[in-house]
Amino acid sequence: MDTQLRRKREQLKDRHRFDNIVCAPDSPMVGICEQVRQIAPYDIPVLVTGESGTGKELITRALHYSSHRADKPFVLENCGAMPVQLLESELFGHARGAFTGANTERVGLLEQADGGTVFLDEIGDTSLEFQVKLLRFLQEGEIRPLGSNRSRKVTVRVISATNRNLEDEVRKGRFREDLFYRLSAMPVHLPALRDRAMDIPVIAQAILKSVMEAYGKQVNGFSEEALACMCEYHWPGNVRELENEVRRMLVMSTGDELGANLLSSRVLKGGGDSELEDELLSDVEGNLKNRVEMLEARILKETLIRHRWNKSQAALELGLSRVGLRAKLERYGLEPGTLNQSN
Ligand SMILES: Nc1ncnc2c1ncn2[C@@H]1O[C@H](COP(=O)(O)OP(=O)(O)O)[C@@H](O)[C@H]1O
Ligand SMILES: [Mg+2]
């Protein structure tokens, strides 16, 4: 009975954590989360890769909280662009007087995290000098604080993350090959948001819900057009950028729906002219989304020519607001000049 209850609680905890990772039913994230859920109970090192803002930290936390280390510390260290001595003393600790300014002893993060999980973020940005020290720790399972002759056994699970291509870094001699293999026993790659556009509406809505709660401001949701614009944009900052966009839209909104007009011009303009050309000219056999976009651009062009670039009339015929039409024109880079040229 007791163990049953316990297991239930554990399951609940697990599901809850992975629930924070919002995705569409047909998203590649479904399989990735499943894979991470599967490896969570085992102490195998995990290397999470993916562009900035794709959810590397989020999935790492989910992993930790569904592992047997869940009740032990989860410690995060951002290794990016940190002087090697500082990084070393943060992770391994230092003895009093180990270097100028080390007035007190410091217990390193690895020791603090004993029994738990250490998340080494931006591991691809570390120096070769630091990599040697990390490798030694991983091989020996012992830490020796700077300037100290005491060493201590520490058992932590190491999860590392990077937005770089570590194999590339290895090839270029910037990352130690032996360390790479140590860290990447289980590689997990998170695709960029633009490569899983089906996730954009559901994540945007989930973000909106939480931002509405946080700000105490309610709206009914996004307009179709706003969602369409969001799905077409390339989101270089991934989910983090989407969060900022949604937050700003809500703050700026005056109606009860978040329209495309609230999107920043960066999002409305979309991919840029060369991408448009690719879509229109060479990508004829693209997927449905590409073809629909191509069609939309053609309809806009055709209607505008017919109405001699009178946007009010074109908008009226197409059932768009003037703001909506202007957004589409901007997005496809359609102007009288380009129209004449390509006509
Ligand atoms: N699938 C997702 N569903 C909901 N929120 C997400 C998702 N992916 C990322 N986020 C949110 O986006 C932000 C950036 O995620 P983070 O894990 O910090 O990315 P990374 O570590 O890859 O830079 C965080 O606020 C995170 O909660
Ligand atoms: Mg991060």
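What you are looking at is a predicted structure, and each value in this text was computed from that prediction instead of being measured.

Rules behind the numbers
Residues numbered from 1 in each chain as written. Chains lettered and ligands numbered in written order. Predicted model: local features only at pLDDT ≥ 70, side-chain atom pairs only at ≥ 80, totals over all residues. Heavy atoms only, no water. Near = heavy atom within 4 Å. Polar contact = N/O pair within 3.5 Å; in protein donor to acceptor, adjacent residues only side chain to side chain. Areas by Shrake-Rupley, 256 points an atom, 1.4 Å probe, with all protein chains shown as cover. Helix = DSSP H or I, 4+ residues; strand = E, 2+ residues; numbered from the N terminus. Expected span 1.5 Å × (residues − 1). Buried < 20%, exposed > 50% of the residue type's maximum accessible area, 1.4 Å probe, protein only. Arc of directions from axis to C-beta. Axes fitted to C-alpha atoms, helices over the stretch in contact; angles between N-to-C directions. Parallel < 35°, antiparallel > 145°, perpendicular 65-115°, else oblique. Contact = heavy atoms within 4.5 Å. Nonpolar A, V, L, I, M, F, W, Y, C, P; charged D, E, K, R; others polar. Pairing = 2+ DSSP bridges. Phe/Tyr/Trp six-rings, centres within 6.5 Å; stacked < 30°, edge-to-face > 60°. Lys NZ or Arg CZ within 6 Å of the ring centre and 35° of its normal. pLDDT = per-residue confidence, 0-100. Disulfide = S-S within 2.5 Å. Patch = residues over 30% accessible without salt bridge, like charges linked within 9 Å, V, L, I, M, F, W, Y side chains within 5 Å. Salt bridge = Lys/Arg side-chain N within 4 Å of Asp/Glu carboxyl O.

Description of the site of ligand 1
Taken together, 15 residues lie around ligand 1, and Val22, Gly53, Lys56, Arg240 and Glu243 are the ones closest in. Take Leu58: an N or O atom from its main chain is 3.0 Å from an oxygen atom of ligand 1. Residue Arg240 places a side-chain N or O atom 2.9 Å away from an oxygen atom belonging to ligand 1. When ligand 1 is considered free in solution it has 560 Å² of accessible area, and contact with the protein chains removes 84% of it.

Remarks on helix 2 (residues 28–39)
In a regular helix each residue adds 1.5 Å, so 12 residues correspond to 16 Å; helix 2 covers 17 Å between its end C-alpha atoms and thus fits that length. Among the residues of helix 2, those classed as buried are Met29, Ile32, Cys33, Val36 and Ile39. Buried residues in helix 2, looked at end-on, bunch into an arc of 130 degrees, giving them a common side. If you check the start of helix 2, you find a side-chain oxygen 2.9 Å away from the backbone N of Met29, and it comes from Ser27.

A word on the packing of helix 10 (residues 224–232) against helix 16 (residues 322–332)
Relative orientation of the contacting elements helix 10 and helix 16 amounts to 10 degrees, with a least axis distance of 11 Å. If you check the angle between helix 10 and helix 16, you find them roughly parallel. Counted together, Glu225, Cys229 and Glu232 of helix 10 and Gly324, Lys328, Arg331 and Tyr332 of helix 16 form the full contact between these two elements. Among the residues making up the contact of helix 10 with helix 16, the classes are represented as two nonpolar, one polar and four charged.

Comments concerning the sheet that holds strand 2 (residues 74–78)
Spatially, 2-5-8-1-9 is the arrangement adopted by the five strands of the open sheet, whose pairing is parallel. The open sheet is flanked by strand 2 and strand 9 (186–189), the only strands paired with a single partner. Taken pair by pair, the neighbouring strands of this sheet meet at an average axis angle of 20 degrees, ignoring direction. Here strand 1 (residues 46–49) pairs with strand 9 via four bridges, running parallel. Residue pairing across strands places Val48 opposite Val188, the latter belonging to strand 9. Against the sheet, helix 2 makes contact with strand 1, strand 8 (157–162) and strand 9, and its axis sits at roughly 155 degrees relative to strand 9, the strand it touches most.

What about the packing of aromatic side chains?
Working definition: an aromatic ring pair is given by the centre-to-centre distance plus the angle between the planes. Enumeration over the complete set of coordinates arrives at four aromatic pairs. Residues Tyr233 and Trp235 carry aromatic rings whose centres are separated by 4.7 Å and whose planes lie at 80 degrees to one another, so their mutual orientation is edge-to-face. Overall, the relative accessible area of 2% leaves Tyr233 in the buried class. Over the ring of Tyr65 we find Arg17, and its NZ or CZ is 4.1 Å from the ring centre. For Arg37, the ring lying beneath its charged end belongs to Phe18, and the centroid distance is 4.6 Å.

So, the confidence of the model for the protein chain
Across the protein chain, the average pLDDT comes to 88, with 90% of residues at 70 or higher. Looking at the elements of the protein chain, mean pLDDT is at its lowest for helix 17 (residues 336–342), recorded as 42, and at its highest for strand 1, recorded as 98. Confidence drops under pLDDT 50 across residues 337–343; counting only partners more than four residues distant or on other chains, this segment forms seven contacts.

A short note on the state of the cysteines
Throughout this description, disulfide means a covalent bond between two cysteine sulfur atoms. Throughout the structure, instances matching the rule amount to zero disulfides. Cys23 carries a free sulfur, and the closest cysteine sulfur to it, the one in Cys33, is 5.4 Å from it. For Cys23, a relative accessible area of 22% corresponds to the partly exposed category.

Thoughts on a nonpolar patch on the surface
Together, Tyr215, Val251 and Met252 line one region of the surface with nonpolar side chains, adding up to about 310 Å² of accessible area. Structurally, Tyr215 is set in helix 9 (residues 199–215). The exposure class of Tyr215 is partly exposed, given its relative accessible area of 42%.

Considering helix 4 (residues 84–92)
Those residues of helix 4 that sit buried are Leu87, Glu88, Ser89, Glu90, Leu91 and Phe92. Within two residues after helix 4, Gly93 carries a phi angle of roughly 80 degrees, on the positive side.

Re unusual backbone geometry
Most peptide bonds are trans, and most residues other than glycine sit at a negative phi. The residue Glu122 is not glycine, and still its phi comes out positive at about 55 degrees. Counting through the fold element by element, Glu122 comes out in the loop between strand 5 (117–121) and helix 6 (128–140). For Glu122, a relative accessible area of 17% gives the class buried. One non-glycine residue with positive phi stands out, namely Asn238, at about 55 degrees.

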